[in-house]
Amino acid sequence: MIVITGATGQLGRLVITHLLKTTPSGQIVAVVRDPAKAADLQALGVHVRQADYNDPASLDTAFAGADKVLLISSNDIGNRVAQHQNVIDAAVRASAALLAYTSVLHADTSLLGLAGEHRETEEAIRASGLTYTLLRNGWYLENYTAGLKGALEHGALSGAASDGKVAAAARDDYAQAAAVVLASGQPVAQVYELAGDTAFTLSELAAETGKQAGRDLPYHNLGQHEYRELLVTVGLPPIIADMLANSDFAASKGALFDDSGTLGKLIGRPTQSLADAVKAAL
C-alpha cells in the first residue's frame, strides 16, 4: 500500500492523480482529515482513511498495511515538528519500507525562516531508522502567479527579492516527482533538490506578465518589513505575511535558486516554463 497524507490538499490530490497512471487505485491510501472531501478519490477505487497529524491513534489505523508513506508537510507553521513526529512514529510502528517527505530546497543550509521546521523533521526522519526519501521542493510558481491579476490591477508587482533568482516549478511538477519516487521499485535512501529548470527574477516575472497582458508592469522592490506590512494591508494573516516577506528576502540571497536540473530529470520532461505559468494565471 502507498499511503498519501494530506491527500485532499492541492499537492496531495495531484500526487494521487499521477500515481493512478502507474499504480492500481486499490494500492493507494488517501489519508484525510475529512473523508467527505475525498468522495471523488473513493469513487476511483482509492482507499480513504481518516486521520489527523495531532492524533497518533488515528494515524496507526490509517497506516495499517503501509509499504510506503508520503508525509506531505503540515501547513500549521510553528506546530509542524510535533505533528510530523507523530507521522514518523506511526510509519515506524507500521514497519513502512519507505517514508518520503516534502521538505524545502537546500533545507540543511537554507536561509528561509520556514526551513527550520523542515530541518528538524529531516533529523527526526533520519533518527527513525526508516529508509527515507527527502523531496526538497523549491518554490511553487503558483506562489507568485496567484497574485498576478492583483498586481496588474494595482499597476505594479511588489516584493522583497531584489535581483535574486527564483528556480520555481509548478505544483504539478513536484507532485509528479513524488509519484515517481513512490511508484519506483526497491526503496533507497535519497535526497532530491527539486527546482524549476529555469530561474527568474521578480523583475523578469513582472516583464513577462506585462508582455502577456499588453501593458507595462514594473517591479517594485521593497524592504522585508515594508513588504510584510503591504501583505498584511492586502489581507494576509500576519504569520503568512511574515513567511512570504522572509522568503522573498532569503531569495535575494540565493535561497530559492538551484540549477541542478534534478526535477526535470526525475519526471522525464521539462518543468513548466515561466511564460506558460503566467499564461495559465491570466
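Residues numbered from 1 in each chain as written. Predicted model: local features only at pLDDT ≥ 70, side-chain atom pairs only at ≥ 80, totals over all residues. Heavy atoms only, no water.

Visitor: I'd love a proper account of the packing of aromatic side chains, names of residues and values included.
Guide: By the definition in use, this model includes two aromatic pairs. Each ring, one from Y140 and one from Y174, has its centre 5.3 Å from the other, and the planes form 45°; the classification is tilted. With a gap of 34 residues between them, Y140 in the loop between β6 (132-137) and α6 (142-145) and Y174 in helix α8 (residues 171-183) connect regions that are remote in the sequence. Grouping residues by exposure puts Y140 and Y174 together as buried. (Phe/Tyr/Trp six-rings, centres within 6.5 Å; stacked < 30°, edge-to-face > 60°. Helix = DSSP H or I, 4+ residues; strand = E, 2+ residues; numbered from the N terminus. Buried < 20%, exposed > 50% of the residue type's maximum accessible area, 1.4 Å probe, protein only.)

Visitor: Explain helix α1 (residues 10-19) to me, using residue names and the numbers behind them.
Guide: Of all the residues in α1, the buried ones are L11, G12, V15, I16, H18 and L19. Angular distribution of buried residues about the axis of α1 spans 160°; they occupy a single face of the element. Buried positions along α1 lie against β1 (2-4), β2 (28-32), α2 (39-43), β4 (68-71), β5 (98-104) and α8. (Arc of directions from axis to C-beta. Contact = heavy atoms within 4.5 Å.)

Visitor: I'd like a rundown of the packing of helix α9 (residues 202-213) against helix α13 (residues 274-281), residues and numbers included.
Guide: At a closest axis distance of 10 Å, the pairing of α9 and α13 adopts a crossing angle of 55°. Regarding the angle of α9 to α13, the classification is oblique. Here α9 and α13 pass one another in a crossing that is right-handed. Residue-level contacts link E204, L205, E208, T209 and Q212 of α9 to L274, A275, V278 and K279 of α13. Each residue belonging to the contact of α9 with α13 can be placed in one class, and the counts come to four nonpolar, two polar and three charged. (Axes fitted to C-alpha atoms, helices over the stretch in contact; angles between N-to-C directions. Parallel < 35°, antiparallel > 145°, perpendicular 65-115°, else oblique. Left-handed = near helix turned anticlockwise from the far one by under 90°. Nonpolar A, V, L, I, M, F, W, Y, C, P; charged D, E, K, R; others polar.)

Visitor: I'd love a proper account of unusual backbone geometry, names of residues and values included.
Guide: Leave glycine aside and you will find that most residues have negative phi; peptide bonds, for their part, are mostly trans. With a phi angle near 55°, S95 is a residue other than glycine that sits in the positive phi range. With respect to the secondary-structure elements, S95 resides in the loop between α4 (80-93) and β5. Judged by relative accessible area, which is 60%, S95 ranks as exposed. Phi is positive for H106, close to 50°, though the residue is something other than glycine. For H106, the position within the fold is in the loop between β5 and α5 (115-128). In this structure H106 comes out as partly exposed when scored by relative accessible area, which is 23%.

Visitor: Help me get a handle on the sheet that holds strand β3 (residues 47-50), residues and values and all.
Guide: Here we have seven strands laid out as an open sheet, ordered β3-β2-β1-β4-β5-β6-β8, and parallel in their pairing. Only two strands of the sheet have a single partner each, and these edge strands are β3 and β8 (190-194). Strand-to-strand twist in this sheet, taken as the mean axis angle between neighbours without regard to direction, amounts to 20°. Two strands pair when backbone bridges link them, and β1 and β4 are joined in this way by three bridges, in the parallel orientation. Note that in β4 the partner of I4 across the bridge is L70. (Pairing = 2+ DSSP bridges.)

Visitor: Can you break down the pairing of β6 residue by residue, with the values?
Guide: Along β6, six of the six residues are buried, which leaves the element largely enclosed by surrounding structure. Here β6 shows a buried face lined by Y132, L134 and R136 and a second buried face lined by T133, L135 and N137. Of the strand pairs in this sheet, β5 and β6 are connected by six bridges, and their pairing is parallel. Counted as the bridge partner of Y101 is L134 from β6. Viewed along the sheet, the connection from β5 through α5 into β6 turns out right-handed. (Right-handed = clockwise from strand over helix to strand, strands pointing away.)

Visitor: Any chance you could break down the pattern of salt bridges for me, citing the residues and the numbers?
Guide: One pass over the full model with this rule turns up twelve salt bridges. Of the charged contacts in the structure, one is a salt bridge between R80 and E117, with a shortest N-O distance of 2.9 Å. Placement of the pair is R80 in helix α4 and E117 in helix α5, with a sequence separation of 37 residues. The exposure class of E117 is buried, given its relative accessible area of 14%. The salt bridge partner of E204 is K165, with a shortest N-O separation of 3.6 Å. Within this pair, whereas E204 is found in helix α9, its partner K165 is found in the loop between β7 (157-159) and α8, the two being separated by 39 residues in sequence. Classification of E204 by relative accessible area gives partly exposed; the value is 36%. (Salt bridge = Lys/Arg side-chain N within 4 Å of Asp/Glu carboxyl O.)

Visitor: Outline α5, supporting the account with residue identities and numerical values.
Guide: Look at α5: 20 Å from first C-alpha to last across 14 residues, which is about the 20 Å you get at 1.5 Å a residue. All of the buried residues in α5 are A115, E117, H118, T121, E122, A124 and I125. Tucked inside the fold, the buried residues of α5 contact α4, β5 and β6. In the stretch just after α5, G129 is the one whose phi turns positive, near 85°. (Expected span 1.5 Å × (residues − 1).)

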